[in-house]
Every structure is written in structure tokens, then in C-alpha cells.
Amino acid sequence: MLEIKNVSVIFNKDTINERRALDNVSLVLNDGDFVSVIGSNGAGKSTLLNAIAGNVTVDSGKIYNNGYDMTYEKEHKRSKYIGRLFQDPLKGTAPSMTIEENLGLAYSRGKKMRMGFGVRKSDRPFFKKECEKLGLGLEHRLKAPVGLLSGGQRQALTLLMATIETPELLLLDEHTAALDPKTSKQIMEITDKIVKENNITTLMITHNIKNALRYGNKTLVMSNGKIIKILEGESRKNMSIQDILDLYSQNADSLSDSAILG
Amino acid sequence: MNFTTVMGGIELGCIFAILSLGLYIAFRILNLPDLTVDGSFVTGLAISSAFTLLGQPFLGLIFAIIGGALTGVFTGLLHTKLNMHAILAGILTMTGLYSINLHIMEDKPSLYLGGLPNIFDGLRNKVIINGYDYGMLIQLLIINTIIILALYLFLKTQIGMSLRATGDNEEMVRSSSVNTDLMKIMGFGICNGIVALSGCIYGQYTQTATVGVGTGMLVLGLANIIVGETLFKTRGIFNHLICIFLGAIVYRLILTYAFQLGLPTSDIKLFSAAVVILAIFIPSIKPRYEKWRKKNARD
Ligand SMILES: Nc1ncnc2c1ncn2[C@@H]1O[C@H](COP(=O)(O)OP(=O)(O)OP(=O)(O)O)[C@@H](O)[C@H]1O
Ligand SMILES: [Mg+2]
């Protein structure tokens, strides 16, 4: 269970550029929740994920994972139990290393460094089987450098790497946004399958409202550093894209109101 | 070029191949040129010479590697913990090392090691064919083989793979629970340990130690790597290491030939710098020419 309590993140504090990217945000994710996050540009979605992953330090508030206070834990320590994917398919893999070496690195995540080869003979059948699940034929190219793969293939591999050692949390930041519509759909399907099969607690940022409502069991709507709405169950099912767009613009109005009122 | 000159060139090539194999870790694996090597080469040379003067050349070899590795660790700490640019960190270490190296050499700018026990004594005058003593070459080849195999195997281990990934995509490694700072410090350590070994062997081979000999070692090491990569384009770590070894020998033979043609020894650094510049420039000519051709064809 992930608990976020009154978390605020302020960039450029005490300057004229001060920006409250997260404003007193509280949120509870139950185990196995697959939550999509939507909101207009600059709403604070990425900052929320960065605060959880630890590459942004929070200014106030607490973050607990299964009751453990991880608010100030170092990024590389958290990544033992957090898997991450970004928009840029180049970010998640080491291009000059082979597919199996990349998987070998991912597979060792969170375990103690051991002596011996990074890719053991006994790992190969397992890696092969995992690649087969993606349905992209990567299982035949285990010894090819990752730099030769297409963006979609790299993103699928990154997803596999993030989940090959089942993480307690999976954070996806617009991970299909840089792909063409067909590949994007393919990666979404794979994501859904992996998350469901392993029951991984997941936060997924997307600008695709249709996907946000279709995949997962909850949807957060963010605006101005706040979570303005949590959709689940019946109310989420009955939401239309237009309803969401209305939510966005209502908030844009209240924003300009407050701007006028100071 | 007579036979002895060529053989001498190959032997020196083998010694500087070791330097380049070490530099490969910083320059190609971590993607960070490490200027420490100009200092750590002499640190290895100085430590091993000091021990040789005490009659312990093999102990000197071990401490040379350790000393060199420590200089690299220091640069790594400056780079990662003080957020210094890798080049500045290397320059600072190298500059400081100049004095330390001098102290190790008992404040003498040069030492003569002739007539003292030497690590090459084992095979000296044992393998003589047609009047040439191959003992030195055999031992140098053995050392290079060991280093190439050790580096290859190391880079395939889990730690080695984390090191490679750190140079390849640091952000990814950080988000996969590996401490990248530690990886970089280790990489610099290994690089300079091997460079110091090459300095130690250089001293044993020439039987002299000069404190100023380190200047331009980074560029020399780069020249070896770039010549090797340009001549023998290959893929994969093992092939890459072999390329560097061969590149070092070819480069040294080119230098030897240039000396024969009358290149003054004082111009050796200028020559190395020119080779690195050319080796980087030549591959960029073709695309430029193509662009120029297309542009003019249009007009
Ligand atoms: N490192 C930073 N320094 C200063 N300001 C930042 C930084 N990162 C984010 N911000 C600001 O914080 C606010 C929230 O940014 P964030 O990246 O979380 O938005 P987002 O919801 O992910 O938007 P998008 O949909 O465009 O990705 C923005 O106003 C942004 O300019
Ligand atoms: Mg964002």
C-alpha cells in the first residue's frame, strides 16, 4: 500500500519563479491498484511520480510504502522496489549492450551484487520466455545490441525490464506518447497484461483520456498541483471524454478567477 | 628499418597497449576522458622504481597498481562527490601527483635502474633466436593477454555490466538500484591501476624513471585506441580490446618509422596530437564532401 500524506513540492522557493508543483497532495493506493493520472500540462503529474521515485525531494509531507517511511530514501535504494518508464524510449535501456545483458541487469535489481557472469546460462531460457510474452520476436535477438531496436521495441523491452523482478510499484510517465498509434496501442495492451498478471500497483500518466478511462481501476485528475478528482467504480465507467474536458476547463476558470482575485 | 628497431617498436607498443587498455575503461566504457593518466603513469613508474632500488621489483609492481588505482579513486571522488567535471578532476589530480611522484622518487627528477633486479629477469637471455632475445616480447605478450582476458571477463560480470551501463545510460542505471557514483569511482580506479602498471613496466623495460615522462600519456593512449578502432572496425568487447592492443602496436611502428625518416624525438607529442586530430577528422570528411557535392549539384 502506498500512502502519500500532505506532500508539497515547491520549485525555486523564495524567488519570483516560485512554483508549487504539488500542493498538499494526499493519496492512498491499495495493492494491485492500477491508477491512471490525467491533467493538463504543468498540472504536476510528473512531479508526483518523481516525488515517489525520489528524484525530486519533497518540501513537506510524507510518503509511506507498506507503512515504511520512504520520504527521504535515496533514489537508487527506492528503485529496488519501484519500476519506472518514461516517455522517451531511449531512456530505459543501455543501447550498446545486448538485449540479454539489459535483461540481466534488470533481473539483478534489488538483489545483492554477486560474482560471476551478469547473464548466466540458466537465465537465458527464462529471458527467452519473458521476451516471447511481448510478441515482438525479441526472443530471437537476445544477442543483438539494444541500439538496433525500434522505439516501440525498446519501450516494450524497458517495460519487461521494469517488471521482470516484480516491483511493488510501477510508475509510467506517458510511456506510449512517443510511439505511433499502432505501436502505442500494442504497448498499452502489453502493459495491461503484465500489470494484471503480476498484480502490480501502478500509476500511469497519460494524455490519452480514452486510455486513462479504459485501463486500470481508478483515474486521478490533476490540476495546479492538486488532485481535483478521483474517479472509480460506476462514476468512472459513466464518464465520457467530454465530461473530463469539462472538468479541465472548469478548473482553468477557477484558476483565472483566483488569478484575478489575487 | 632494421629488425632490432622493429622489434623494439613492437615491444614498446606492447607496453603502451597496456596503458590504452586501462584508458579504454574510462574513455570508452565510462565515456569520460581521464587526464589522471598523465600523473598515474608516473606514479606507477615512481613506486616501482623506489621498490626496485630496494631490490623488490615484484613488490613494486603490486604497489604500483595499488597506488595508481588510488589516484583514480581520488579523481572519481572529486568527480562524483564534489560534482566536478571529469576533465577538471583529472587535471587537479594529475597536477598534484607531479609533486607526489617526485617525492616518491626521493625528490630526484630521474632514477637509473640498470644493474638492479628487474621483473623481466625471468626470461632474459633464455629465448634467443637468430641473435635476438625474445624473452622480453614473450613476457609482454603474456601480460597483455592476461589483462585482455581479465578485462573481458570482468566486463561480463554483473559488476562489469553495471559499469558499462553507467557509461551507456547513467539515468537508467540509477533507476535500477545501482550506485552510479560507486561505479564511476571504481572505473577510474581500474583505469589508473592498469595505467600505473604500464608505467611500472615502462620503467623496468627502459631501466630508467623520469618524472616528466607522463606528459601526453592521455593523448598517446587515445591515439592507440583511435588507430586501433579505425583500422580494425569490429563489434563486441573482446574484439574491441584486441583492436586496441593491435592499434597500440601499429601506432608505435608508425612512430618508429617516422623517427627513422628523421622525425626528431622532441616532436613525438606533436605527432600524437596530430594523429588523434586526423583520426577524428578523416571520418568526418566524407559526409561533409557529400553535403558539399549535393549543394553544388543543386545550383
Ligand atoms: N525541475 C524543475 N524546476 C522548476 N520547475 C519545475 C521543475 N519541474 C517541474 N517544474 C514545474 O512544476 C510544474 C509541474 O510540472 P510537471 O512536470 O509535474 O507537470 P506535468 O503535469 O507532468 O505536465 P506535462 O503534462 O506537460 O508533462 C510546472 O509548472 C513545471 O514548470
Ligand atoms: Mg510530465
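Criteria and cut-off values
- Residues numbered from 1 in each chain as written.
- Chains lettered and ligands numbered in written order.
- Predicted model: local features only at pLDDT ≥ 70, side-chain atom pairs only at ≥ 80, totals over all residues.
- Heavy atoms only, no water.
- Helix = DSSP H or I, 4+ residues; strand = E, 2+ residues; numbered from the N terminus.
- Rg over C-alpha atoms; globule rule 2.2 N^0.38 Å.
- Buried < 20%, exposed > 50% of the residue type's maximum accessible area, 1.4 Å probe, protein only.
- Contact = heavy atoms within 4.5 Å.
- Areas by Shrake-Rupley, 256 points an atom, 1.4 Å probe, with all protein chains shown as cover.
- Lys, Arg positive; Asp, Glu negative; His and termini not counted.
- Charge placed at Lys NZ, Arg CZ, Asp CG, Glu CD.
- Buried area = accessible area lost by both parts, 1.4 Å probe.
- Salt bridge = Lys/Arg side-chain N within 4 Å of Asp/Glu carboxyl O.
- Pairing = 2+ DSSP bridges.
- Near = heavy atom within 4 Å.
- Polar contact = N/O pair within 3.5 Å; in protein donor to acceptor, adjacent residues only side chain to side chain.
- Nonpolar A, V, L, I, M, F, W, Y, C, P; charged D, E, K, R; others polar.
- Disulfide = S-S within 2.5 Å.

This next bit is on the overall build of chain A. Each helix and strand counted, chain A has nine helices and 10 strands in total. Here the C-alpha atoms of chain A give a radius of gyration of 19 Å, agreeing with the 18 Å that 2.2 N^0.38 yields for 262 residues. Burial status across chain A gives 52% buried among its 262 residues. The long-range fraction of contacts in chain A, counting pairs at least 24 apart against all pairs at least 6 apart in sequence, stands at 67%. Accessible surface, chain A as shown: approximately 12,300 Å² in total, 50% of it carbon and sulfur. One finds the centroid of the 36 positive side-chain charges in chain A at a distance of 6 Å from the centroid of its 31 negative side-chain charges.

Each side of the interface is counted separately: chain A has 30 residues, and chain B has 21 residues. Summing both partners gives a buried area of about 2,200 Å² for chain A against chain B, and 60% of it is carried by carbon and sulfur. Interface area lost by chain A to chain B is led by A:H76, A:L105 and A:M113, which between them contribute 26%. Counting across the interface, chain A meets chain B through three salt bridges.

Before going further, it helps to spend a moment on the sheet that holds strand β1 (residues 2–11) of chain A. Strand order in this open sheet of four strands is β2-β1-β4-β5 (chain A), and the pairing throughout is antiparallel. Strands with a single pairing partner mark the edges of an open sheet, and in this sheet they are β2 (19–29) and β5 (68–69) of chain A.

All names here are of chain A. The environment of ligand 1 is formed by 13 residues, the closest being N41, K45, S46, T47 and H207. Here A43 contributes a backbone N or O atom positioned 3.2 Å from an oxygen atom of ligand 1. One of the side-chain N or O atoms of E174 is found 3.4 Å from an oxygen atom in ligand 1. For ligand 1, whose accessible area on its own is 630 Å², the fraction buried by protein is 63%. The element best represented in the shell around ligand 1 is helix α1 (residues 45–53), accounting for three residues. Each residue belonging to the shell around ligand 1 can be placed in one class, and the counts come to three nonpolar, seven polar and three charged.

A word on the side chain of A:S8. Residue and element names in this part refer to chain A. Relative to the assigned elements, S8 resides in strand β1. Exposure remark for S8: the relative accessible area of 4% places this residue in the buried category. The contact partners of S8, leaving out residues within four places of it in the chain, are R20, L22, D23, N24, V58, D59 and S60.

The next thing to look at is the state of the cysteines. Residue and element names in this part refer to chain B. By the definition in use, this model includes zero disulfides over all chains. Looking at C14, it has no disulfide partner, and the nearest cysteine sulfur is the one in C200, 15 Å off. Not engaged in a disulfide, the cysteine C243 finds its nearest cysteine sulfur in C14; these two sulfurs lie 16 Å apart.

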